[in-house]
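# Coordinates in review
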Amino acid sequence: MATMESLIGLVNRIQRACTVLGDHGGEGMSLWEALPSVAVVGGQSSGKSSVLESVVGRDFLPRGSVCIFMNEEGIVTRRPLVLQLHKTEEGQAEYGEFLHAPKKKFADFASVRKEIQDETDRMTGKTKHISNIPIHLSIYSPNVVDLTLIDLPGMTKVAVEGQPDSIVEDIDHMVRSYVEKPNCIILAISPANQDIATSDAIKLAREVDPSGERTFGVLTKLDLMDKGTNALDVLEGRSYKLQHPWVGIVNRSQADINKNVDMIAARQKEREYFEGSPEYGHLAHKMGSVYLAKLLSQHLEAVIRQRIPSIIALINKTIDELDAELDRIGRPIAVDSGVQLYTILELCRAFDRVFKEHLDGGRGGGDKIYGVFDHQLPAALKKLPFDRHLSLQNVRKVVAEADGYQPHLIAPEQGYRRLIDGSLSFFKGPAEASVDAVHFVLKELVRKSIAETQELKRFPSLTAEIAAAATEALERFREESRRTVLRLVEMESSYLTVEFFRKQQLETEKQEKGQNPSGPNMDRYSEMHLRRIGSNVSGYISMICETLRNTIPKAVVHCQVREGKRSLLNHFYAQIGRREKAQLGTMLDEDPALMEKRQAIAKRLALYKSARDEIDSVSWK
């Protein structure tokens, strides 16, 4: 079974680790908040500091100026003080240790007081402002019990000179952020010489812990009550009942403080007061700072033992979440050039997979390429100005110009060729437009693929280089595709399909058979003959149009889409294979914000794993 020291020491170590890594508690859910703790709350005149010093047995807390008429201390606790007490063997020297100065031991408790003040000023300045970042102080002494207390700023009702107007609300918010947590044990300090109904600490405890299960009531200044009065109704739970017993405390008087009366002597004086008191003598064994410390230590140990399973569950759940988050944003990259090159290639392949999924329909976008061939290209072909080019007037003009000074003998072959060449040149526009339209779709798919490749998000330099390399490759593919589709058009001009015209001639001769032609050459320039030439060329162009409508998409897909799937980054792969280690490292430069986020996650992960190891090292039942 785990000892009290091991369990409370376990929580102490985890709390210190939390603070080092920025988990201060008091704000939101965290590992700190899952750990049981004892928060000391009270008004500024409640004697809170004296109670803590009595528990420690040392005069070590800073004190403010004293208002003679109201006997109130000014706000001295301006940052939470996590006070971790460690019981040592009898005869060993007492000393204090601060988390912010871990290698320095403070044997002189006056220097402890000064260090608390200096560290407070370091965070808040020499003002009366407050900060929620705690100071961690560990005290090692044979005169203490194993216990951890969190001293919070004393609650106040009005701001004094030098304090911000919001100080009342600021302190209230800070104190509540601790005591509202279900794992927080509330040590509510109230002065006996004031009506318990007006106690700031009890009022707050009643709000956040109405059942009183988490609240320990402490009544101070019993020796300062008016003659003939006592606090038995409070101490015996009749005025305000709690689940735990009230504990009375007799603090050092201001005169004792001014004379630096030894705290051990003050403890003895307190014990003698209760044992010799006619009102409180029967409660003497349950009164005093020594009893309070033991009571809190035992209760804290019991609560820790009770909460260990839920703490372990929280730690394991958080470790899984942090591991998953690190996997999502990426683990740190090794500095070895081989590992860096492998990482770059893997990231490129990840992008390539997403790009192919877009083309093949897994992610959408590839259908837009089909839309170019199924809608845009046919529409463009239909709009070509063949009607104007093959009009009667233009056919007459082209045929006449082709004949020159000598009319053609049988058929105007040069005229035919010029009409066909002129018509075929119109196909270049839709062919090139198809190439550009598919190029635009591929560029957009590259942009989307980069944005959807989660692995690339952490490497803006590499992302930019991949985008540039992919765009450059698409430009090369476009140029090759443009040359190919223009070559298809030019091929149709280079060699005409004569069979088409021979069939047309045979059909014409059949139609004219039996008719009496009026002159061999005169009719060659007749309107009917010119119309027949235009009709023949139109029929031939329609045949070519149908052919190109099928072959242009094939050429575009072969040169752009197919190559994009097969070799989009091949040139880039060849380049990075020749790069130096420093250049590879530059490519893997990350977004500073992402690096900072990963570092913070890694620190939290280390904290939770360390906490798990700490808990595993303690055996309990």
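Residues numbered from 1 in each chain as written. Predicted model: local features only at pLDDT ≥ 70, side-chain atom pairs only at ≥ 80, totals over all residues. Heavy atoms only, no water.

Moving on, we get to the overall build of the protein. Within the protein one finds 22 helices and 11 strands. Considering the protein as a whole, with its 621 residues, one finds that 49% of them fall into the buried category. The long-range share in the protein, meaning contacts at least 24 apart out of those at least 6 apart in sequence, stands at 82%. Carbon together with sulfur atoms contributes 53% to the accessible area of the protein, which is approximately 31,100 Å² in total. (Helix = DSSP H or I, 4+ residues; strand = E, 2+ residues; numbered from the N terminus. Buried < 20%, exposed > 50% of the residue type's maximum accessible area, 1.4 Å probe, protein only. Contact = heavy atoms within 4.5 Å. Areas by Shrake-Rupley, 256 points an atom, 1.4 Å probe, with all protein chains shown as cover.)

Pairing between side chains of opposite charge can happen when the charged atoms of each approach one another. Summed over all chains, the structure comprises 32 salt bridges. With a closest N to O distance of 2.6 Å, Glu119 and Arg122 form a salt bridge. Of the two residues, Glu119 and Arg122 are both situated in helix 4 (residues 109-124); the distance of three residues between them amounts to about one turn of the helix. The exposure class assigned to Glu119 is buried, which follows from its relative accessible area of 7%. With a relative accessible area of 56%, Arg122 lands in the exposed category. For Asp172, the salt bridge goes to Arg176, with nearest N and O atoms at 2.8 Å. (Salt bridge = Lys/Arg side-chain N within 4 Å of Asp/Glu carboxyl O.)

Read across the sheet, nine strands follow the order 6-5-7-4-8-1-9-10-11 without closing on themselves; strand pairing throughout is mixed. Bordering the open sheet on either side are strand 6 (101-106) and strand 11 (247-248), each of which pairs with just one other strand. Examined bridge by bridge, strand 4 (residues 81-87) and strand 8 (residues 147-151) share five bridges and lie antiparallel to one another. Bridge pairing links Leu81 to Asp151 in strand 8. (Pairing = 2+ DSSP bridges.)

Here we come to the pairing of strand 9 (residues 184-191). Burial analysis of strand 9 places eight of its eight residues in the buried class, the great majority of the element. Here strand 9 shows no split at all, with Cys184, Ile186, Ala188 and Ser190 on one side and Ile185, Leu187, Ile189 and Pro191 on the other all buried. Pairing of strand 1 (residues 37-42) with strand 9 involves six bridges; the strand directions are parallel. Residue pairing for strand 9: Ser37 is matched across the bridge by Cys184. Pairing analysis gives six bridges linking strand 9 to strand 10 (residues 215-220), with the strands arranged parallel. In the sheet register, Pro191 faces strand 10, and the bridge partner there is Thr220. On the question of chirality, the crossover connecting strand 9 to the parallel strand 10 by way of helix 6 (residues 200-208) is right-handed. (Right-handed = clockwise from strand over helix to strand, strands pointing away.)

On to the nonpolar core, then. Ranked by size, the top nonpolar core spans 98 residues in total, and within it Phe60 and Leu222 carry the most contacts. For this core, the element with the highest residue contribution is helix 10 (residues 289-329), accounting for 14 residues. If near-sequence neighbours (up to four positions away) are discounted, Phe60 is found in contact with Leu52, Glu53, Leu81, Leu83, Phe109, Val112, Arg113, Ile116, Leu137 and Ile139. In this structure, Phe500, Ile541, Leu569 and Met587 belong to the second largest nonpolar core, which totals 67 residues. (Core = buried A, V, L, I, M, F, W, Y, C linked by side-chain atoms within 4.5 Å.)

With that out of the way, let us pick up helix 6. The set of residues buried in helix 6 consists of Ala201, Ile202, Leu204, Ala205 and Val208. Across the axial projection of helix 6, the buried residues extend over an arc of 165°, all falling on one side. As for helix 6, its buried residues are in contact with strand 1, helix 5 (167-179), strand 9 and strand 10. N-cap assignment for helix 6: the residue whose side-chain oxygen lies 3.4 Å from the backbone N of Ala201 is Ser199. (Arc of directions from axis to C-beta. Polar contact = N/O pair within 3.5 Å; in protein donor to acceptor, adjacent residues only side chain to side chain.)

Inspection of the secondary structure assignment puts Thr120 in helix 4. In this structure the side chain of Thr120 is engaged in a polar contact, spanning 2.8 Å, whose partner is the backbone oxygen of Ile116. The contact partners of Thr120, leaving out residues within four places of it in the chain, are Arg78, Arg79, Gly125 and Ile135.

A few words now on helix 10. Between the first and last C-alpha of helix 10 there are merely 52 Å, a value that for 41 residues lags more than 12% behind the 60 Å anticipated at 1.5 Å per step. Two residues or fewer after helix 10 comes Gly330, characterised by a positive phi angle close to 100°. (Expected span 1.5 Å × (residues − 1).)

Right, let's talk about unusual backbone geometry for a bit. A positive phi angle, near 60°, is found at Lys221, a position not held by glycine. Along the chain, Lys221 turns up in the loop between strand 10 and helix 7 (232-235).

Another aspect to go through is the packing of aromatic side chains. Within this structure, the stated rule accounts for five aromatic pairs. Between Phe274 and Tyr280, the aromatic rings sit 6.3 Å apart at their centres with planes inclined by 65°, giving edge-to-face as the arrangement. Chaining the aromatic ring pairs together yields one cluster made of Tyr273, Phe274 and Tyr280. One residue, Lys105, lies across the ring of Tyr95, its end atom 4.6 Å from the ring centre. (Phe/Tyr/Trp six-rings, centres within 6.5 Å; stacked < 30°, edge-to-face > 60°. Lys NZ or Arg CZ within 6 Å of the ring centre and 35° of its normal.)

This part takes up the side chain of Thr463. Within the fold, Thr463 resides in helix 17 (residues 460-494). When its relative accessible area of 17% is taken as the criterion, Thr463 is described as buried. Of note is the side chain of Thr463, whose polar atom sits 3.0 Å from the backbone oxygen of Leu456. Beyond its immediate chain neighbours, meaning those up to four positions away, Thr463 contacts Ile450 and Leu456.

The geometry of helix 12 (residues 367-382) relative to helix 16 (residues 428-452) is characterised by a closest axis approach of 10 Å and an angle of 155° between their N-to-C directions. Viewed along their axes, helix 12 and helix 16 adopt a mutual orientation that is roughly antiparallel. In the crossing of helix 12 with helix 16, the sense of the turn from one axis to the other is right-handed. Across the interface between the two elements, Lys368, Ile369, Val372, Phe373, Gln376, Leu377, Ala380 and Leu381 from helix 12 touch Pro430, Ala433, Ser434, Ala437, Val438, Val441, Leu442 and Lys448 from helix 16. (Axes fitted to C-alpha atoms, helices over the stretch in contact; angles between N-to-C directions. Parallel < 35°, antiparallel > 145°, perpendicular 65-115°, else oblique. Left-handed = near helix turned anticlockwise from the far one by under 90°.)

Residues with a pLDDT of 70 or more make up 87% of the protein, whose mean pLDDT is 83. Overall, residues 65-74 carries pLDDT values under 50, and its contacts beyond four positions in sequence, including any with other chains, amount to 14 contacts. Within the model, the stretch residues 518-523 combines pLDDT values under 50 with five contacts to residues more than four positions away or in other chains. (pLDDT = per-residue confidence, 0-100.)

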